[in-house]
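# Close look at the chain arrangement
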Amino acid sequence: MLYYLIYGCWYLLSLLPLRVHYVLSDCLYLVVYRLLHYRVKVVRTNISTSFPEKDSEELRRIERDFYHWFCDYLVETVKLLTISEKNLKRRMVFKGTEVVSQVVAEGQSCAVYLGHYCNWEWITSLPLWVPAEAQCGQLYHALENPAFDRLFLKLRQRMGAVCIPVAETMRRLVKYRQHGRPVVIGYIGDQVPFWNNIHHWCQFLNHDTPVFTGTERIARQAGHAVFYMDVRRIRRGYYEAEFQLVSRTPKEVPEFELTDDYFRRLESSIRRDPACYLWSHNRWKRTREEFNLRYDEATGRVDIISSVEELKRKKGML
């Protein structure tokens, strides 16, 4: 019942014209930023430590612009439930698809690196731009709330993309290969890995950053062509997403180089327009110092349970 209640309200709200949604976004900005101060401390810390060269006035401007964009992202996600294919195709334009079409025509699948940048929900409209013989999709983490989980699955699959649970990634890719169907799969790789999933660190936005390497491993194992999707916000409600070919032979690229390349490209995108990145995410909560405390060289395992104080006592640091 909760799903149908949420869905009904979301559906009715999504029927409003986008110009009305943006008026609602402006009101939401006042509530989220000015009244509730939603994650302001996290946002402010992330921005200031990522751009130490910028003065306080510019940092505060990025902060304000971020909240304006974030509220736009929210209402645009609501609109995704009923927006027409024609309207969405006009507002989310993909470039470089001819390279993807060529790769697909030659029977090779594609792994596409994405970030939490601009409107990643509207990128699920990619099936409107690539050959029908390719199955588009994205890796998917189930939401804790079953009603919202069901709703977002509907949103993200509305234009023909499929959501693939992370745990089923290789099994699903093998299944598509057996059926002779190339895939174009998006991987949002800028999340925070759990302690026991940290295998590589790189410099990202002035931080020593633990990163996921799963996309690289999957692309190598499956032999997928690797792309980076460079997204730009042209103006309010309009985006361009350009496919940039990184490698068609990922097995020949040195280990971790694809991952490092992805974060260099993502940082370049962010620096071009910092406001459109998801600064409210506590991206750098895991440090190398704490990882080194948790890592046991003898066993190669990472302690994910003990507190920092307990770890320091074990290593004679207290």
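All residue numbers refer to positions counted from 1 along the written sequence of the respective chain. Only residues with pLDDT of 70 or above have their local features reported here, since the model is predicted, and side-chain atom pairs are shown and tallied only from 80 upward, although totals for entire chains, interfaces and linings are computed over all residues. Calculation of side-chain values draws on the structure's entire complement of heavy atoms; hydrogens and water are dropped beforehand.

## A closer look at the layout of surface pockets
- Estimated volume of the second largest pocket: approximately 220 Å³.
- By the criteria applied, helices consist of DSSP H or I runs no shorter than four residues and strands consist of E runs no shorter than two, each listed in order from the N terminus. Secondary structure elements with two or more residues in the lining of the second largest pocket: helix 8 (169–178) and helix 9 (214–222).
- Class assignment for the residues of the lining of the second largest pocket results in seven nonpolar, seven polar and two charged. Put simply, the grid is 1 Å and covers the protein atoms alone, a cavity is a trapped set of points that fit a 1.4 Å probe, a pocket is an open set with protein on both sides within 12 Å along at least five of seven lines, and lining residues have an atom within 4 Å of a point. Grid points are joined across faces, edges and corners, and a volume is the space filled by probe spheres set on the points. Throughout this entry, Asp, Glu, Lys and Arg are counted as charged residues, while Ala, Val, Leu, Ile, Met, Phe, Trp, Tyr, Cys and Pro are counted as nonpolar. The remaining residues, Gly among them, count as polar.

## A short note on the packing of helix 8 against helix 9
- Relative to each other, helix 8 and helix 9 sit at 30°, their axes nearing to 12 Å. When the axis of helix 8 is compared with that of helix 9, the two are roughly parallel. Handedness of the crossing formed by helix 8 with helix 9: right-handed. On the side of helix 8, the interface is formed by T169, M170, L173 and R177, while helix 9 contributes I218, Q221 and A222.
- Here the contact of helix 8 with helix 9 is composed, by residue class, of four nonpolar, two polar and one charged. Axis definition: a line fitted to C-alpha atoms, over the contacting stretch in the case of helices. Angles run 0 to 180 degrees between N-to-C directions. Reported orientations rely on four angle classes, namely roughly parallel under 35 degrees, roughly antiparallel over 145, roughly perpendicular from 65 to 115, and oblique for the rest. Here is the rule for handedness: rotate from the far helix to the near one, and if that takes an anticlockwise turn smaller than a right angle the crossing is left-handed, while a clockwise turn gives right-handed. Working rule for contacts: check all heavy atoms of both residues, and any pair within 4.5 Å makes them a contact.

## Concerning the pattern of salt bridges
- Think of a salt bridge as a Lys or Arg side-chain nitrogen and an Asp or Glu carboxyl oxygen that are within 4 Å of each other. Within the structure shown, the criterion is met by 21 salt bridges.
- Among the ionic pairs, R156 bridges to E121, the shortest N-O distance being 2.9 Å. You can see R156 sitting in helix 7 (residues 146–157) and its partner E121 sitting in the loop between strand 2 (110–114) and strand 3 (135–140), a full 35 residues away along the chain.
- Only protein chains enter the accessibility calculation, which uses a 1.4 Å probe; a residue whose area is less than 20% of its type maximum is buried, one above 50% is exposed, and one in between is partly exposed. Classification of R156 by relative accessible area gives buried; the value is 17%.
- Assessed through its relative accessible area of 2%, E121 is described here as buried.
- We note a salt bridge from D261 to R265, for which the minimum N-O separation is 2.5 Å.

## As for unusual backbone geometry
- Phi angles above zero are rare outside glycine, and H37 is one such case at about 50°.
- One can find H37 in the loop between helix 2 (18–35) and helix 3 (40–50).
- Under the relative-accessibility criterion, H37 is labelled partly exposed at 49%.

## A few points about the side chain of D149
- Following the sequence through the fold, D149 ends up in helix 7.
- Buried and unpaired, D149 has no salt bridge, with R156 as the nearest side chain of opposite charge at 6.7 Å.
- The residues contacting D149, other than those within four sequence positions of it, are Y140, A142 and L143. Neither His nor the chain ends contribute to the count of charged residues, in which Lys and Arg are positive and Asp and Glu negative.

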